[in-house]
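The chain contents come next:
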Amino acid sequence: MDEEFRSLADRLADEAGAAGESAAFRALLATDDEEALARVLVERERPLWAREMAAFRLGCGGDRRAFEALVLLLNHRDPERCVSAAHALARLGDPRTPRAAAALATNSLRTAYALHPVRLLTALRAPESVPALMSTLERLLAPGDPHWRVALACVEGLGRLEDERARPLLETALPHPRLGGAARDALGRLGAA
């Protein structure tokens, strides 16, 4: 059990216990039956904790049936669910993941929940990554935009991806009080113009 799975199991054990479903939680945690896990994703009236556990375990095991549930969790209002979903999606290796993460990161109506899709795009290093991070960052550079943490993740991600296309946008971010240091670091990774 890796650290991310331990963290997920501890969190979901609390949720299941609070709902009086500790036995169901233990059974789901212990099973090695992928078909049973996949059924949890489609059965009616399954609690969110059970769907998350099943999707995480299937995703980390490379079972693409978990993809849609993980994408929904990646865009959840609970940051811990987003972290677990991003971890599982990175391990899943589904070719649809970069497009889905880019769609979530660039959705202006869901910017408050874009932090983990942005980080996932950076980790994936897919063709969609740089354009999506640039598009999101460009929108967030407006004066007074409240989503500076998402903007910071974009700047840091563009620095890690070291793509020259990001240079003008990173230069634009230099005067921003919360982004300037990260923008300088990212430009340093790009090297001299």
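Refer to the preceding data block for the structure.
A brief look at the structure comes next. (Residues numbered from 1 in each chain as written. Predicted model: local features only at pLDDT ≥ 70, side-chain atom pairs only at ≥ 80, totals over all residues. Heavy atoms only, no water.)

## Focus on the overall build of the protein
Okay, step 1: Check the secondary structure of the protein and you find 12 helices and 0 strands.
Okay, step 2: With the principal axes as the frame, the protein shows a C-alpha extent of 60 × 30 × 25 Å.
Okay, step 3: When the 193 residues of the protein are sorted by exposure, 48% land in the buried category.
Okay, step 4: In the protein, 63% of the contacts between residues at least 6 apart in sequence involve partners at least 24 apart.
Okay, step 5: For the protein, the accessible area works out to roughly 9800 Å², and carbon and sulfur atoms hold 51% of it. (Helix = DSSP H or I, 4+ residues; strand = E, 2+ residues; numbered from the N terminus. Buried < 20%, exposed > 50% of the residue type's maximum accessible area, 1.4 Å probe, protein only. Contact = heavy atoms within 4.5 Å. Areas by Shrake-Rupley, 256 points an atom, 1.4 Å probe, with all protein chains shown as cover.)

## Digging into the nonpolar core
Buried together is how nonpolar side chains tend to be arranged in soluble globular proteins.
Okay, step 1: Judged by nonpolar contacts, the single largest core of 66 residues is most densely connected at L70, L89, L137, V155, L158, L170 and L179.
Okay, step 2: Not counting residues within four places of it along the chain, the set of residues in contact with L89 comprises F67, L70, V71, L74, T97 and L120. (Core = buried A, V, L, I, M, F, W, Y, C linked by side-chain atoms within 4.5 Å.)

## Some words on the packing of aromatic side chains
Okay, step 1: A complete count under the given rule lists 2 aromatic pairs for this structure.
Okay, step 2: Ring geometry for F5 versus F56: centroids 5.7 Å apart, planes at 15°, classification stacked. Taken together, the positions of F5 in helix α1 (residues 3-18) and F56 in helix α4 (residues 48-60) put the pair 51 residues apart, joining distant regions of the chain.
Okay, step 3: Residue F56 is classed as buried on the basis of its relative accessible area of 2%. (Phe/Tyr/Trp six-rings, centres within 6.5 Å; stacked < 30°, edge-to-face > 60°.)

## Comments concerning the packing of α1 against helix α2 (residues 22-30)
Okay, step 1: The contact between α1 and α2 brings their axes to 8 Å, and the two run at 155°. Considering the angle they form, α1 stands roughly antiparallel to α2. Between α1 and α2 lies a crossing whose hand is right-handed. Contacts from F5, A9, L12, A13, A16 and G17 of α1 reach α2 at S22, F25 and L29. (Axes fitted to C-alpha atoms, helices over the stretch in contact; angles between N-to-C directions. Parallel < 35°, antiparallel > 145°, perpendicular 65-115°, else oblique. Left-handed = near helix turned anticlockwise from the far one by under 90°.)

## Looking at helix α6 (residues 79-92)
Okay, step 1: In a regular helix each residue adds 1.5 Å, so 14 residues correspond to 20 Å; α6 covers 20 Å between its end C-alpha atoms and thus fits that length.
Okay, step 2: Among the residues making up α6, those that are buried are R81, C82, S84, A85, A86, A88, L89 and L92.
Okay, step 3: On the buried face of α6, the contacting elements are α1, α4, α5 (67-74), α7 (97-106) and α8 (115-124).
Okay, step 4: Near the N-terminus of α6, the side chain that reaches the backbone nitrogen of E80, with its oxygen 3.0 Å away, is that of D78.
Okay, step 5: Where α6 ends, the next residue or the one after it, G93, has phi of about 75°, a positive value. (Expected span 1.5 Å × (residues − 1). Polar contact = N/O pair within 3.5 Å; in protein donor to acceptor, adjacent residues only side chain to side chain.)

## A closer look at the environment of H147
Okay, step 1: Its location among the elements puts H147 in the loop between α9 (129-140) and α10 (148-161).
Okay, step 2: Judged by its relative accessible area of 24%, H147 falls in the partly exposed class.
Okay, step 3: Between the C-alpha atom of H147 and that of L115, which follows or precedes it by 32 residues, the distance is 9.2 Å.
Okay, step 4: If we skip the residues at most four places from it in the chain, H147 touches T111, A112 and L140.

On their own, these measurements won't tell you what the molecule is for.
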